[in-house]
Every structure is written in structure tokens, then in C-alpha cells.
Amino acid sequence: MNPKKLNPGLLWMQFEDVLAPRLGLSVKERAVYSYLLRHSLVVGKLRLQFAVMALARTLGLSIGAARQAVRRLDELGALRVLERSKSGHLAEMRLPEKIRAIRLRKNGASIASGAVGVGAVGAAGEPPAATLETTDFLKTWAVRKAIHDREREACFYCFRRTPANVRCLDHVVPRVRFGRNSYRNLVSCCIECNTRKGDRPAPDFLRTLYRLGRLTPAELDARLRALKDLAAGKLRPALPEKGK
Ligand SMILES: [Zn+2]
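Just so you know, these numbers come straight off a predicted model, no measurement behind them.

### Some details on the nonpolar core
Moving on, step 1. Grouped together as the largest cluster of nonpolar side chains are 28 residues, with contacts concentrated most on Val 32, Tyr 33, Leu 36, Phe 50 and Met 93.
Moving on, step 2. For this core, the elements supplying multiple residues, two or more each, are helix H1 (8-23), helix H2 (27-38), strand E1 (47-50), helix H3 (52-59), helix H4 (63-76), strand E2 (79-85) and strand E3 (88-93).
Moving on, step 3. Other than its neighbours up to four places away in sequence, Val 32 contacts Leu 55, Leu 59, Leu 61, Ala 69, Val 70 and Leu 73.
Moving on, step 4. Membership of the second largest hydrophobic core comes to 23 residues, among which are Cys 168, Cys 193, Phe 205 and Leu 227.

In C-alpha cells form, the structure reads like this:
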């Protein structure tokens, strides 16, 4: 990734809508990540040097809390601490697609042998349907990709093409309303739809897209039908296969 080419608006959306919720960042971790991002990728730098004490003072956090937030962000792969010394930390910042890339590389071998996340369940020779129903589709890069692949690089809601940097997974029934991480409740969509839909029911959101002229009447019907098919378990993603 060339940090100079970053689009700050997109970066902000990726952070707020994809990275922070997906990693389950706390308010303090968000503040720390956002501050570090502001002084690195936003100004075209991949790496930055900072002192935890100064960071804590700027953000009004205790030093312990700031240090812990940096540590957790490092564990989650949102940044990587390259050096730690008395003069401070040297860190390299990561973006959502970069984090996925790391996971892909890390799991590369496991994906090849079929032993990704769900593999543990599927390996015992269970029928794929059972595996499908018990799989947490947010859990690993490979299963998240299976949802993206099912939508064939088009937003589930607005049909727009979704290259890897503008797509994300959306809970049709939001998590705040106890929506599950099931393939029946997750769709691949563009970041804009994900943001605009928010916690609204999906059919209402589709009707809004229709009113805005983003969907034709036929497309609206097709999408409403697709929502029903999704909930009924008819839109099955292909799980990463064994031995592939
Ligand atoms: Zn969309």
C-alpha cells in the first residue's frame, strides 16, 4: 500500500465502520488508534515514533491505559510495534485490508490444507450443512471471504461493484438487535450502504435506496426476495474446502 494515495474519507469510514467494530475496540483503543493514524497514514507515513507518556497526556488517559491500548492494538494487528525503547515506540500502522492480508498470509498454509477456523468442526466428517449453520462467519479471513465471494464483488443492497477496499460485511439484523454472525445474517456490501443502513431494518433501507433512485422497481423486488432467501438459508456461501 502506498500511504500517499490514501483517501482520508475512505480511511475514516474504514476505521469507524469496519476496523473498530470488527476488532471490538474500546473507546480508549479507538482514541489511541485514531490519534496514531492521524500522525501516520493520514499524513502519508506508514510508520511513526511516539512516546506513550505524551500520548496518554494528549488523550487524557492514564499511562497504564495508553500502554495497554497500544499493546492490544498490536495484538489485534491494527498496528505493529517495531521497536520499544526509553525514547518511545516505533510503530507501523495497519489498515483493514492490510490486516486481512496479514491473516491471509498467516493462514495461507492452513487455508491450503482446509484447517481454517471452521475446519475443526468440519474435519470430523460432519455434513457441510451442519458446519455451515454453526460457523461464525466473522471469525476468520477465509470464512469472511466466503461471504464476499457469494455476492460476487457486488454490494448486496445497491449492486454497486465492490473492490476489496470499499466492501465490508454487514449484519442484516444488526448486532445491537442480537443479529448473529451466520451466513443467513451477513452480507457483503459497499461501505456507503453499511454506513447509511446503520441499525435500520434491511427492507426499510432497500426502500430508501429505491426512493433515491439507486434501485429500479425490479431490483427492489429482487433484493427483498434475496433478503427472504438469505434468512431462509438459501444463499449459501462455499466454505473453504478440505484439501484445497
Ligand atoms: Zn451498496
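### Let's talk about the coordination of the zinc ion
Moving on, step 1. Coordination of the zinc ion by the protein comes from Cys 155 (SG), Cys 158 (SG), Cys 190 (SG) and Cys 193 (SG), over a distance range of 2.3 Å.
Moving on, step 2. The site at the zinc ion holds four donor atoms, and with the angles between them running 103 to 116°, its shape is tetrahedral.
Moving on, step 3. Donor residues binding the zinc ion come from one chain and are separated in sequence as C-x2-C-x31-C-x2-C.

### Description of the packing of aromatic side chains
Moving on, step 1. Counted under the stated rule, the structure contains three aromatic pairs.
Moving on, step 2. With a centroid separation of 5.5 Å and an interplanar angle of 90°, the aromatic rings of Phe 156 and Tyr 157 are classed as edge-to-face. In this structure, Phe 156 and Tyr 157 share a single accessibility class: buried.
Moving on, step 3. The residue whose ring lies beneath Arg 223 is Phe 156, and the NZ or CZ to ring-centre distance is 4.8 Å.

### A look at the side chain of Glu 92
Moving on, step 1. Take Glu 92: it is sitting in strand E3.
Moving on, step 2. Here Arg 47 takes part through its side chain, which lies 2.7 Å from a polar atom of the side chain of Glu 92.
Moving on, step 3. Glu 92 has contacts with Leu 46, Arg 47, Leu 79, Arg 80 and Leu 82, leaving out every residue within four places of it along the chain.

### Examining the pattern of salt bridges
Pairs can form between side chains of opposite charge once their charged atoms are near each other.
Moving on, step 1. Counted by the stated rule, this structure contains twelve salt bridges.
Moving on, step 2. Its salt-bridge partner being Glu 92, residue Arg 47 comes within 2.7 Å of it at the nearest N-O pair. Here the residue Arg 47 occupies a position in strand E1, and Glu 92 occupies one in strand E3, the gap between them amounting to 45 residues.
Moving on, step 3. Among the residues examined, Glu 92 registers a relative accessible area of 9% and is labelled buried.
Moving on, step 4. A single network of salt bridges, built from pairs that share partners, joins Arg 160, Glu 192, Arg 196 and Arg 214.

How each quantity is defined
- Residues numbered from 1 in each chain as written.
- Predicted model: local features only at pLDDT ≥ 70, side-chain atom pairs only at ≥ 80, totals over all residues.
- Heavy atoms only, no water.
- Core = buried A, V, L, I, M, F, W, Y, C linked by side-chain atoms within 4.5 Å.
- Buried < 20%, exposed > 50% of the residue type's maximum accessible area, 1.4 Å probe, protein only.
- Helix = DSSP H or I, 4+ residues; strand = E, 2+ residues; numbered from the N terminus.
- Contact = heavy atoms within 4.5 Å.
- Donors = N, O, S within 2.8 Å, 3.2 Å for Na, K, Ca; no water.
- Tetrahedral: all angles 85-135°; square planar, octahedral: opposite > 155°, others 65-115°.
- Phe/Tyr/Trp six-rings, centres within 6.5 Å; stacked < 30°, edge-to-face > 60°.
- Lys NZ or Arg CZ within 6 Å of the ring centre and 35° of its normal.
- Polar contact = N/O pair within 3.5 Å; in protein donor to acceptor, adjacent residues only side chain to side chain.
- Salt bridge = Lys/Arg side-chain N within 4 Å of Asp/Glu carboxyl O.

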